[in-house]
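Secondary and tertiary structure notes
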Amino acid sequence: MNELQRQILDLKERMDAIILGHNYQRKEVQDVSDFLGDSYGLSVQASKTNAKIIVFCGVDFMAESAKILNPEKTVLHPNPKARCPMAAMVDVKSLKELKAEHPGAPVVSYVNTTADVKAESDICCTSANAVKIVQSLPDKKIIFVPDTNLGLYVQRFVKDKELVLWPGYCPTHVNISKENLLELKRQHPQAEILVHPECTPDVIDIADHAFSTEGIIRHVTSSAKKEFIIGTEENMIYRLRREAPDKIYYAVPNATCPNMREITLEDVLDSLTKMQHKIELPPEIIRRAKLPLERMIAAGRQS
Ligand code: 13P
Ligand code: SF4
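Below is a short write-up of the structure.

Each value, and the rule that gives it
Residues numbered from 1 in each chain as written. Chains lettered and ligands numbered in written order. Predicted model: local features only at pLDDT ≥ 70, side-chain atom pairs only at ≥ 80, totals over all residues. Heavy atoms only, no water. Near = heavy atom within 4 Å. Polar contact = N/O pair within 3.5 Å; in protein donor to acceptor, adjacent residues only side chain to side chain. Nonpolar A, V, L, I, M, F, W, Y, C, P; charged D, E, K, R; others polar. Pairing = 2+ DSSP bridges. Helix = DSSP H or I, 4+ residues; strand = E, 2+ residues; numbered from the N terminus. Contact = heavy atoms within 4.5 Å. Axes fitted to C-alpha atoms, helices over the stretch in contact; angles between N-to-C directions. Salt bridge = Lys/Arg side-chain N within 4 Å of Asp/Glu carboxyl O. Buried < 20%, exposed > 50% of the residue type's maximum accessible area, 1.4 Å probe, protein only. Right-handed = clockwise from strand over helix to strand, strands pointing away. Phe/Tyr/Trp six-rings, centres within 6.5 Å; stacked < 30°, edge-to-face > 60°. Lys, Arg positive; Asp, Glu negative; His and termini not counted.

What to know about the site of ligand 1
- Near ligand 1, the surroundings consist of His22, Tyr24, Asp38, Ser39, Asn112, Ser127, His173, His196, Glu198, Ser212 and Thr213.
- Taking glutamate 198, its side chain carries an N or O atom lying 2.8 Å from an oxygen atom of ligand 1.
- Here an oxygen atom of ligand 1 sits 2.6 Å away from a polar atom, N or O, in the side chain of threonine 213.
- Residue classes in the shell around ligand 1 are distributed as one nonpolar, eight polar and two charged.

Quick notes on the sheet that holds strand S10 (residues 209–210)
- Strand order across the open sheet formed by four strands is S10-S9-S11-S12, with parallel pairing between neighbours. Edge positions in the sheet fall to S10 and strand S12 (248–251), since each has one partner strand and no second.
- Summarising the sheet, strand S9 (residues 192–195) and S10 pair through two bridges and their orientation is parallel. Opposite leucine 194, over in S10, you have histidine 209 as the bridge partner.
- Lying over the sheet, helix H9 (residues 178–187) contacts S9, strand S11 (227–231) and S12, oriented at roughly 170° with respect to S11.
- Across the sheet, helix H11 (residues 213–222) lies against S9, S10, S11 and S12, angled at about 155° from S9, the strand it touches most.

Considering the pattern of salt bridges
- Here the structure, examined in full by the defined rule, presents 19 salt bridges.
- With a closest N to O distance of 2.9 Å, aspartate 38 and arginine 301 form a salt bridge. Taken together, the residues span a long stretch of sequence, with aspartate 38 in the loop between strand S2 (35–37) and helix H3 (39–48) and arginine 301 in the segment after helix H14 (283–299) at a distance of 263 residues.
- Judged by its relative accessible area of 2%, aspartate 38 falls in the buried class.
- Note that glutamate 120 is salt-bridged to lysine 99, the shortest N-O span being 3.0 Å. Of this pair, glutamate 120 sits in the loop between helix H6 (115–119) and strand S6 (123–125) while lysine 99 is found in helix H5 (residues 92–101), placing the two residues 21 residues apart along the sequence.

Focus: the sheet that holds strand S7 (residues 141–145)
- Overall, parallel pairing links the four strands, which are arranged S6-S5-S7-S8 in an open sheet. Strands at the two margins of the open sheet, each flanked by one partner only, are S6 and strand S8 (162–165). Within the sheet, the average angular offset between the axes of one strand and its neighbour, ignoring direction, is 30°.
- Two strands pair when backbone bridges link them, and S7 and S8 are joined in this way by four bridges, in the parallel orientation. Bridging across to S8, isoleucine 143 finds its partner in valine 164.

A short note on the environment of asparagine 50
- Checked against the element boundaries, asparagine 50 lands in the loop between H3 and strand S3 (53–57).
- Distance in space between the C-alpha atoms of asparagine 50 and aspartate 16 is 8.9 Å, their sequence separation being 34 residues.

Description of helix H4 (residues 60–69)
- Burial of H4 is extensive: 10 of the 10 residues sit out of reach of the surface.
- Every buried residue of H4 is accounted for by Asp60, Phe61, Met62, Ala63, Glu64, Ser65, Ala66, Lys67, Ile68 and Leu69.
- Residues of H4 that are buried make contact with strand S1 (17–22), H3, S3, strand S4 (74–76), H6 and H14.

Looking at the pairing of S9
- The two faces of S9 match: Glu192 and Leu194 on one face and Ile193 and Val195 on the other face are all buried.
- Bridge count between S9 and S11: four bridges; the pairing is parallel. Looking at S11, one finds that leucine 194 is bridged to isoleucine 230.
- A crossover connection joins S9 to the parallel S10 through helix H10 (residues 201–206); in handedness this β-α-β unit is right-handed.

Regarding the packing of aromatic side chains
- All told, the structure shown has two aromatic pairs when counted by the stated rule.
- The interplanar angle of 65° and the centroid separation of 5.1 Å between the aromatic rings of tyrosine 153 and phenylalanine 157 together place this pair among those described as edge-to-face.
- By relative accessible area, which is 14% here, tyrosine 153 ends up buried.
- Seen in terms of ring centroids, phenylalanine 228 and tyrosine 249 are 6.3 Å apart; in terms of plane orientation they differ by 25°. Their pairing is stacked. Residue phenylalanine 228 is located in strand S11, and its partner tyrosine 249 is located in strand S12; the two are separated by 21 residues in the primary sequence. By the burial criterion, phenylalanine 228 is buried, and tyrosine 249 matches it.

Brief notes about the side chain of glutamate 227
- With respect to the helices and strands, glutamate 227 occurs in strand S11.
- The buried charged residue glutamate 227 lacks any salt bridge partner; its closest oppositely charged side chain belongs to lysine 226, at an N-O distance of 8.5 Å.
- Of note is the side chain of glutamate 227, whose polar atom sits 2.6 Å from the side chain of tyrosine 250.
- Dropping the residues within four chain positions of it, glutamate 227 is found in contact with His188, Gln190, Ala191, Glu192, Ile248 and Tyr250.

Listed below in structure tokens is the structure:
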């Protein structure tokens, strides 16, 4: 633990703050987080914390979700440059047009969306429960935004439904290539290939499993296997080594999310000392976005 980390931990105690960190955060930020997890787990933690202040170390939509679930709390986002490009790929105007083209079709929005898009949605989902949520809806036709690849992944399990997809994607996960994964598999034939469902369909096809980031951790910790090829953001491997240090991990090349890495320890300390970068959202958006997020939490994880 370095001096900066000690200062953060001390300040956080004195200020009654909790630090929530996504599994893709820098190693040193993971080390000061009270709770690490995927988007689903972090939303659950945000909804049940008693702390007065939430310091959210993740991208913008995650911190916004924490605010929507806790309008009365202060939510600090240590570096506003940490923005998910996929969440910016669909806007309210386009979503309203899509809804008009498919009257009556409910909207499932991936949690990687802006607060105002959530406010226009019937229910949110994360990669930990997208299939379960789509399956739970009685409708045959469902609008699913913004991640085409997650939508195509869900469509594999819900053959009786028509998903209307939006051309959004994750620039990090579309960079993960089947060729690179197969090359790692050739070098380590015993290893299982685990990928995130934001990967492209050809990558999903050759993977042993596709899970949310926390799903990958749960799988690795309960598996009898020893070696894993990890097809998602590279910082996941730091978290995996913490949870299952006896296993061996192989990182796929080109899998970094620069947006998640924007948050540094200095930013975390500054946000606490200056109480800066508070998430502020219009009350009407909070009111309307809360229900789809609460429905997402109530649905639970995929079993
Ligand atoms: P998880 O919810 O699986 O952690 O994924 C979030 C994300 O942004 C993946 O790119
Ligand atoms: Fe957004 Fe992709 Fe980064 Fe996740 S990995 S935060 S989806 S850009």
